Amino acid sequence: MTTSRAQLPRRRGNGWLTAASVIVAVVLLLPVLLLPLTSSVPLWAWLPLLLLGLAALLWLILRRRRPWVRPAAVGLLVLAAVGAVVASQTLAVAPPVTGPDGKPVPGSIATMEKVDLGGSEQWITIRGQDETNPVLLNLGMGGPGGGGFFNSREFQPLEKHFTVVSWDEPGTGKSYGAVPFDQLDRDRFVDDATALANHLRQRFGQEKIVVYGVSWSSIIGIWLVQEHPELFHALVTSGQMVNTTENDRMGYELALKYLDDKGETRRAEKLRSNGPPPYHGDNVVRPYVAFLDVLNEIMGTPRYTLVAPLIPFFVPEYGYVDKVNHTRGLINSFNAVYPQLEGLDFARQAPTLEVPVFFFVGRHDVNAMPALVEEYYDVLSAPDKNLIWLEGGHGLGSAENKDVFVDVMLEQVRPLTQ
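(A) Structural detail: the overall build of the chain. Within the chain one finds 14 helices and eight strands. Counting over 418 residues, the chain shows a buried share of 51%. Here the analysis covers contacts within the chain between residues at least 6 apart in sequence; of these, 71% occur between residues at least 24 apart. Taken as a whole, the chain presents about 19,100 Å² of accessible surface, with 58% of it coming from carbon and sulfur. Across the chain, the 36 positively charged side chains and the 43 negatively charged ones have centroids separated by 19 Å.

(B) Structural context of a negative patch on the surface. On the surface, a cluster of negative charge is contributed by E246, E374, E375 and D378. A per-element tally of the negative patch places helix 13 (residues 370-379) first, with three residues. Its location among the elements puts E375 in helix 13.

(C) The arrangement of helix 14 (residues 399-413) in detail. For helix 14, spanning 15 residues, the distance from its first C-alpha to its last is 20 Å, which sits close to the expected 21 Å at 1.5 Å a residue. Within helix 14, the full set of buried residues consists of N401, F405, V406, V408, M409 and V413. Taken down its axis, helix 14 places every buried residue within 160° of arc, on the same side. Of the exposed residues in helix 14, those oriented more than 90 degrees away from the buried face are A399, E400 and E411.

(D) Focus on the packing of helix 3 (residues 43-62) against helix 4 (residues 69-90). Running from N to C, helix 3 and helix 4 cross one another at 160°; their axes reach a closest spacing of 9 Å. As summarised for this structure, helix 3 and helix 4 are arranged roughly antiparallel, according to the angle between their axes. In the crossing of helix 3 with helix 4, the sense of the turn from one axis to the other is left-handed. Along the contact surface, helix 3 presents L49, L52, G53, A56, L57, W59 and L60, while helix 4 presents V69, R70, A72, A73, L76, L77, L79, A80, G83, A84 and A87. Tallied by class, residues from the contact of helix 3 with helix 4 come to 15 nonpolar, two polar and one charged.

(E) Broad picture of the pairing of strand 6 (residues 232-238). Along strand 6, seven of the seven residues are buried, which leaves the element largely enclosed by surrounding structure. For strand 5 (residues 209-214) and strand 6, the ladder comprises six bridges, and the chain directions are parallel. Residue V211 lies in a different strand from strand 6, and its bridge partner there is L235. For the crossover from strand 5 across helix 6 (residues 216-227) to strand 6, the handedness is right-handed. Of the pairings in the sheet, the one linking strand 6 to strand 7 (residues 357-362) comprises four bridges and is parallel in character. For V236, the partnering residue across the bridge sits in strand 7 and is F358.

(F) Summary view of unusual backbone geometry. Across the junction of G143 and P144, the peptide omega takes the value 15°, indicating a cis bond. Considering the arrangement of structural elements, one finds P144 in the loop between strand 3 (135-138) and strand 4 (163-168). In this structure, the amide linkage connecting P277 to the following residue, P278, adopts the cis form with an omega of 10°. Unusually for a residue other than glycine, S215 sits at a positive phi of about 55°. Take S215: its relative accessible area is 11%, and that puts it in the buried class.

Calculation criteria
- Residues numbered from 1 in each chain as written.
- Predicted model: local features only at pLDDT ≥ 70, side-chain atom pairs only at ≥ 80, totals over all residues.
- Heavy atoms only, no water.
- Helix = DSSP H or I, 4+ residues; strand = E, 2+ residues; numbered from the N terminus.
- Buried < 20%, exposed > 50% of the residue type's maximum accessible area, 1.4 Å probe, protein only.
- Contact = heavy atoms within 4.5 Å.
- Areas by Shrake-Rupley, 256 points an atom, 1.4 Å probe, with all protein chains shown as cover.
- Lys, Arg positive; Asp, Glu negative; His and termini not counted.
- Charge placed at Lys NZ, Arg CZ, Asp CG, Glu CD.
- Patch = residues over 30% accessible without salt bridge, like charges linked within 9 Å, V, L, I, M, F, W, Y side chains within 5 Å.
- Salt bridge = Lys/Arg side-chain N within 4 Å of Asp/Glu carboxyl O.
- Expected span 1.5 Å × (residues − 1).
- Arc of directions from axis to C-beta.
- Axes fitted to C-alpha atoms, helices over the stretch in contact; angles between N-to-C directions.
- Parallel < 35°, antiparallel > 145°, perpendicular 65-115°, else oblique.
- Left-handed = near helix turned anticlockwise from the far one by under 90°.
- Nonpolar A, V, L, I, M, F, W, Y, C, P; charged D, E, K, R; others polar.
- Pairing = 2+ DSSP bridges.
- Right-handed = clockwise from strand over helix to strand, strands pointing away.

Written out as structure tokens, the structure is:
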């Protein structure tokens, strides 16, 4: 009896240690299990890692009473997890362009490439069924720091009619370390985008291309065609940003009223303690996200704090390091670049553009305020200008909005490239 009592604490200790080891083992196994869902790693590379990880976990559970098994099994799981990270980075490829039968389209192009832009290596994807089609350059999603690899999926219905190029801008995703964050400014983005446009014109033998931007990258789009109209057939944007400071003040007031009307005192007080935008300092992300999350709630879309870390995990071209860098890039790029937009006002600074313009505007968008886009549209002078209304927010995610977008791109934009 005395011996059993003495052994009881030891058994409990071993039990807790085994339980902790199993928890660690499961966490280490997750990168392996998620590879087929979050990356383009092929089966031949994934299967050995999976078998190694499962064997180590099973060994740990069945031979848990042998003290030396725990560190050995965990060590094997660490090896499998590291292998998963390395495989996700080195074996990342662009998924093929497929037809209705799910098979790759003969003669199509689907590549992920490094290009030299302004002396730095940056990444693009190129997708299309026919390389002789006009080039559509996707400058990327919101941010700053969103990059173009995630929203490239929005252009799949156009891959039969355009060669779609999506750009991970410097400071995010696969281009995370391309340029120091303190060098990111208007000149850098415009110069790099111009270099990319010229690269694409030369590569595909086209005099001009079409450029697309959304939210933050719609700002780059205006700057780009304003400085180099000779390179572009047309500018297409959604969620067009016009005057960021006024836009943010309107959004802040709307978010505050929404919380007050709902009686959410604590969240409203948080916004009041931050004060109205614009914000300054080393961490402007925090106060901006506080009211932007509320605006997304008004539009019925997920909060930024939830979406931002999840977005990169659905990009097969990203390895695990790229996925982490995408989130880091959103934060660091926003902190570095967004304060520079405080004086932006396209109604005064870009009242004339020398290319046809297509603005897709969400009727109930409270992120890029439709009233400001309409005001800009009214004063804008361009060879051709179009204001196309979408239902809901500025996103093209709904089937109805996507159909509108595709119709305009095929019936009005593509003829401009002939």
